[in-house]
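Coordinate analysis (summary)
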Amino acid sequence: MALSRLEKAQAWLFRAVTSFFFMIFQLLSSPAASARKLPPVSNPLLLQSATQLAKKIRRKEVSSVEVVQAYIDRIQEVNPFVNAVVKDRFAAALQEAAQVDKLIEEETGGEDVLEDRLPLLGVPLSVKESYSLQGMPLSTGLVSRRGVVASVDAPPVALLKRAGAVPLGVTNTSELCMWLESHNHLYGMTCNPYDLERIAGGSSGGEGSILGAAGAVIGVGSDIGGSIRIPCFFNGVFGHKTTPGVVSCENQYPPTSGTQHEYLSSGPMCRYAEDLLPLLKIMAGPKAYKLSLNADVDLKKLRFFSIPHDGGSLYTYPVSKELLDAQEKVVKRLEADLGVKVQEVCFPELRYGFQIWDTYMGLPDEEGKPPLAFAELMGEPGRPAWAFWELLKRMVGKSEHTMPAIFLALFEKTHLSKPSPFIIQQKEALQKKMEELLGTDGVLLYPPHPRVAPKHHHPLFRPFDFTYTGILNILGLPVTQCPLGLGEEGLPLGVQVVAGKLQDHLTLAVALYLEKTFGGWRDPGAK
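Cut-offs applied
Residues numbered from 1 in each chain as written. Predicted model: local features only at pLDDT ≥ 70, side-chain atom pairs only at ≥ 80, totals over all residues. Heavy atoms only, no water. Helix = DSSP H or I, 4+ residues; strand = E, 2+ residues; numbered from the N terminus. Buried < 20%, exposed > 50% of the residue type's maximum accessible area, 1.4 Å probe, protein only. Contact = heavy atoms within 4.5 Å. Axes fitted to C-alpha atoms, helices over the stretch in contact; angles between N-to-C directions. Parallel < 35°, antiparallel > 145°, perpendicular 65-115°, else oblique. Left-handed = near helix turned anticlockwise from the far one by under 90°. Nonpolar A, V, L, I, M, F, W, Y, C, P; charged D, E, K, R; others polar. UniProt positions renumbered as here; feature names shortened; annotations may be inferred. Phe/Tyr/Trp six-rings, centres within 6.5 Å; stacked < 30°, edge-to-face > 60°. Domains from an automatic or database assignment. Buried area = accessible area lost by both parts, 1.4 Å probe. Salt bridge = Lys/Arg side-chain N within 4 Å of Asp/Glu carboxyl O. Pairing = 2+ DSSP bridges. Core = buried A, V, L, I, M, F, W, Y, C linked by side-chain atoms within 4.5 Å.

1. So, the overall build of the protein chain
Helix and strand counts for the protein chain come out as 17 helices and 15 strands. Seen through its C-alpha atoms, the protein chain measures out along the principal axes to roughly 75 × 60 × 55 Å. Here the protein chain holds 527 residues, and 59% of them are scored as buried. Here the contacts in the protein chain between residues at least 6 apart in sequence split such that 77% fall between residues at least 24 apart.

2. Thoughts on the packing of helix H3 (residues 64-82) against helix H4 (residues 90-106)
What describes two packed helices is the angle between their axes and the distance between those same axes. Two elements in contact, H3 and H4, have axes separated by 8 Å at closest approach and are oriented at 160°. The angle between the axes of H3 and H4 places the two elements in the roughly antiparallel class. Our pair here, H3 against H4, has a crossing hand that is right-handed. Together, Ser64, Val65, Val68, Gln69, Ile72, Ile75 and Gln76 of H3 and Phe90, Ala93, Leu94, Ala97, Ala98, Val100 and Asp101 of H4 make up the contact between the two elements. Of the residues contributing to the contact of H3 with H4, the split by class is ten nonpolar, three polar and one charged.

3. So, the UniProt feature "active site" (unreviewed entry) in the protein chain
UniProt's entry tags Lys128, Ser203 and Ser227 with the feature "active site" (unreviewed entry), counted in the numbering of this structure. Look at the named residues: they lie 100 residues apart in sequence, but the longest C-alpha span between them is just 10.8 Å, so in the fold they bunch up. Checked against the element boundaries, Ser203 lands in the loop between strand S7 (195-199) and helix H7 (205-212). If we skip the residues at most four places from it in the chain, Ser203 touches Lys128, Asn172, Thr173, Ser174, Cys177, Trp179, Ser182 and Ser227. Inspection of the secondary structure assignment puts Ser227 in the loop between strand S8 (218-223) and helix H8 (229-235). Judged by relative accessible area, Ser227 falls into the buried class, the value being 8%. Residues contacting Ser227, with those up to four places away along its chain left out, are Lys128, Cys177, Gly202, Ser203, Ser204 and Ser222.

4. As for the packing of aromatic side chains
Here the structure, examined in full by the defined rule, presents twelve aromatic pairs. Considering the side-chain rings of Trp357 and Phe466, the 4.8 Å spacing of their centres and the 75° angle between planes classify their relative orientation as edge-to-face. Highlighted residues: Trp357 in helix H11 (residues 353-361) and Phe466 in the loop between strand S13 (442-446) and helix H16 (467-475), separated in sequence by 109 residues. The exposure class of Trp357 is buried, given its relative accessible area of 10%. Overall, Phe466 belongs to the buried group, its relative accessible area being 12%.

5. Points about the packing of H11 against H16
Relative orientation of the contacting elements H11 and H16 amounts to 50°, with a least axis distance of 9 Å. The angle between H11 and H16 places the two elements in the oblique class. Helix-helix and strand crossings are classified by hand; for H11 and H16 the assignment is left-handed. Residues Gly353, Phe354, Ile356, Trp357 and Tyr360 of H11 form the contact with H16, whose participating residues are Thr467, Gly470, Ile471 and Ile474. Taken together, the residues of the contact of H11 with H16 sort by class into six nonpolar, three polar and no charged.

6. Digging into the domain arrangement of the protein chain
Each assigned domain of the protein chain is listed with its residue range as follows: domain 1 (40-297 + 454-526) and domain 2 (368-415). Taking the mean C-alpha position of each, domain 1 and domain 2 sit 29 Å from one another. Between domain 1 and domain 2, the contact holds 17 residues from the first and 18 residues from the second. Here domain 1 and domain 2 share an interface that buries about 1,400 Å² over both sides, 65% of which is from carbon and sulfur atoms. Linking domain 1 with domain 2 are one salt bridge, by the criterion used here. A salt bridge links Glu380 to Arg145; its shortest N-O distance comes to 3.5 Å.

7. Considering the UniProt feature "domain: Amidase" (unreviewed entry) in the protein chain
Following the UniProt record, the feature "domain: Amidase" (unreviewed entry) maps to residues 66-508 here. Secondary structure across residues 66-508 comprises 35% helix and 16% strand; the distance between its end C-alpha atoms is 30 Å.

8. Details of the pairing of strand S10 (residues 265-270)
Burial analysis of S10 places six of its six residues in the buried class, which makes it a mostly covered element. Note that S8 and S10 share six bridges and pair antiparallel. Within S10, the residue paired with Ile218 across the bridge is Cys270.

9. Thoughts on H11
Taking burial as the measure, the nine residues of H11 include nine buried ones, the bulk of the element. Burial in H11 covers these residues: Gly353, Phe354, Gln355, Ile356, Trp357, Asp358, Thr359, Tyr360 and Met361. Against the buried residues of H11 lie helix H14 (403-412), helix H15 (421-438) and H16.

10. Thoughts on the nonpolar core
In terms of nonpolar packing, the biggest core is built from 148 residues, with Leu160, Ile218, Phe304, Leu334 and Leu514 touching the most fellow members. Dropping the residues within four chain positions of it, Ile218 is found in contact with Ala50, Leu120, Val123, Pro124, Leu125, Ser126, Leu211, Met269, Cys270, Asp275 and Leu279. Leu138, Ala375, Leu377 and Ala409 belong to the second largest nonpolar core, which has 16 residues in total.

Quick look at the structure:
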């Protein structure tokens, strides 16, 4: 369905206005600093999956202390470049690693007993700062929450610790986890390990960055609009947005309200695809059975589909040729290697992806109570922030809030009191089409973003490009973000792999295939 003349005019006006302000921004910006590059990985322990490390630790081929120390050394080496880890617990982690090694020495039941009871025993873990990790800060970059310390572990973190994982620290987010650049006035800006002048994504950008920099092997993130998948894409690692309602989202900040719990997912982030399934199995706890994670997947028996772009939204920019070509390469390899036919499909409702996401994020709960206003969260623990006043303060460098947070609070004021019936209709039509297409054996390829990781602050002028990930939150579908090597500028390429509800095991199986075919994560410090 082609855009109408009015829609074309609106799209042209929107892009003309944002391009004008972007030109002014570039004129006022300071010249770029000389290019710096991360040091390459030198310790071979950093080049093994969590699954492999756990096995070596159980077999006493390497100690947990050695592995934990290797990751501490790497974080200390790269964090001055990327600013991903905002608070560490290195001393406690080394003590816990020593206890792991003692436990293994005293274990009489053998390796199999340890693997069954403690599958991640001794393996280092990084945690997004918006998750409660006992004894660690829980601010999500809000200056007024400086000093707030978690008193408990969020359920997925507790389950990972119970499986033997050793947390090393917490990582940076965007302010209140509602922007695609991890930058706030409490911890500063997180950088992309492949190009320090580029963003790491958000809101799980600290996780994505430290994983991409080989300062972590596994981590946890949350995703309500792409907050796992965008950082994983920009930083060249794997991430999984779980079917909602399976992995607990309790004890995270900020809390959900309205119907937002239906769209928020917690999930694993990691450098190696083989770690996705065991991590998810642990994080899902008693609900893991819903995902059929033990089922064998024959890729040759799956039905594959590809959607190369959203059909021409008013708000999102076109997908770059580089990413279109990368997705087409996946299509050709699937057809050549598996003997399947990848069908290209088009859903015109995707053009309204941003409006759908924005509308559903604002719906009231079952009791008719609307979601908590973003300005209220910004003002926590006091009165709601006055967005116009914060904007004036920001212009003279006096506001504690970032420009994206202020803009979001201002944007909320433009919302209509009632949702558009047309947008509700578009979402319901898209939901029905997508569920009929995928069923229980369908897999869809979809771009994660219109372009590779942009430079710092540039998303301010293309704020709706997250729609490529956000629409899948509203549809409630499981998605695995997979790296596809590096592009022309040495930045990660990638693709979203989507399946029907509760069919997470299908996308995880495809992730293993794509890692083997396209090489997976690449060392950003390699020459």
